Amino acid sequence: MAATMKGPGVEDVNVTFEDQQKINKFARNTSRMTELKNEIEAKKKSLQNLQDASDDLMMLDDDSLFIPYQIGDVFVSHSQEETQEMLEAAKETLEQEVKGLEERVSAIQQVLGDLKVHLYAKFGNNINLEADES
């Protein structure tokens with residue numbers, strides 16, 4: 001099954017099933033990459049919040065205070081040292097998650113680059129694969 005694309009001043013181009021599969025794969029990967037980038041931004045914001053909390057905790061003068069630390073929906077009081085250790089562990093975990101997400105984005109960008117080469121080679125200016133920055 002092949003469809004024909006024709007525009008003003010543009011030559012006929014047959015769209016095969018394989019071409020349509022590549023276009024669909026490109027769209028899915030572009031969507032997934034956008035979702036991952038949004039997730040990375042959210043995690044980086046959380047990471048910054050943890051860093052700010054850690055900095056504020058270091059400014060405390062009284063070591064005997066118990067600091068409330070949120071675990072899920074519950075706040076648990078810990079010493080300043082324990083809370084600092086928990087913040088550091090949470091930061092390390094988030095940094096690893098961000099790194100993993102960035103690696104996935106990089107892999108998707110590689111796939112998108114390969115698909116662009118194939119699709120532009122066949123369709124030229126008849127296809128737009130650039131993201132709308134709106």
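Whatever comes next refers back to the structure up there.
Residues numbered from 1 in each chain as written. Predicted model: local features only at pLDDT ≥ 70, side-chain atom pairs only at ≥ 80, totals over all residues. Heavy atoms only, no water.

Focus on the overall build of the protein
Note the threshold: Under the scheme used here, helices are H or I runs from DSSP no shorter than 4 residues and strands are E runs no shorter than 2 residues, and both carry numbers assigned from the N terminus. Values of the radius of gyration come from C-alpha atoms, whereas the globule rule sets the reference at 2.2 Å times the count of residues to the power 0.38. For the exposure calls, accessible area comes from a 1.4 Å probe over protein chains only, and a residue counts as buried if that area is under 20% of its type's maximum, exposed if over 50%, partly exposed in between. For this analysis, residues touch if any pair of their heavy atoms sits within 4.5 Å.
The helix and strand tally for the protein stands at two helices and four strands. Seen in sequence order, the protein has helices and strands lined up from the N terminus as β-β-α-β-β-α. In terms of overall size, the protein is more extended than a compact globule, its C-alpha atoms giving a radius of gyration of 24 Å where 134 residues would be expected to give roughly 14 Å. Dimensions of the protein, computed from the C-alpha atoms along their principal axes, are close to 80 × 25 × 25 Å. For the protein, buried positions account for 25% of its 134 residues. Within the protein, residue pairs in contact and separated by at least 24 positions form 58% of the contacts whose partners lie at least 6 positions apart.

So, the pattern of salt bridges
Where we set the bar: One speaks of a salt bridge when a side-chain nitrogen belonging to Lys or Arg is within 4 Å of a carboxyl oxygen belonging to Asp or Glu.
Applying the stated criterion across every chain yields a total of six salt bridges. Of the charged contacts, one joins Glu88 and Lys91 as a salt bridge, the two residues approaching to 3.1 Å between their closest N and O atoms. Separated by three residues within a single helix, Glu88 and Lys91 lie in helix H2 (residues 80–123), roughly one turn from each other. For Glu88, a relative accessible area of 30% gives the class partly exposed. A salt bridge links Glu130 to Lys116; the nearest nitrogen and oxygen atoms lie 3.4 Å apart. Of this pair, Glu130 sits in the segment after H2 while Lys116 sits in helix H2; the two residues are 14 residues apart in sequence, bridging distant segments of the chain. Of the residues examined, Lys116 reaches a relative accessible area of 25% and is grouped as partly exposed.

A short note on the environment of Asp63
Relative to the helices and strands, Asp63 resides in the loop between helix H1 (17–58) and strand E3 (66–71). A residue is classified by how much of its surface remains accessible, and Asp63, at 58% relative accessible area, is exposed. Sequence separation between Asp63 and Glu81 is 18 residues, and the spatial gap between their C-alpha atoms is 8.1 Å.

Digging into the side chain of Asn29
Looking at the secondary structure, you find Asn29 in helix H1. Note on Asn29: relative accessible area 16%, which makes it buried. Residue contacts for Asn29: discarding those within four places in its chain leaves Ile108, Val111, Leu112 and Leu115.

Details of the pairing of strand E4 (residues 74–79)
As a reminder of what qualifies: The pairing criterion for strands is at least two bridges between them, as found by DSSP.
Pairing analysis gives six bridges linking E3 to E4, with the strands arranged antiparallel. Opposite Phe66, over in E4, you have Ser79 as the bridge partner. Taking the residues between adjacent antiparallel strands as the criterion, E3 and E4 are bridged by two residues, where Gly72 takes a positive phi near 70°.

The values reported here are purely geometric and, on their own, carry no functional implication.
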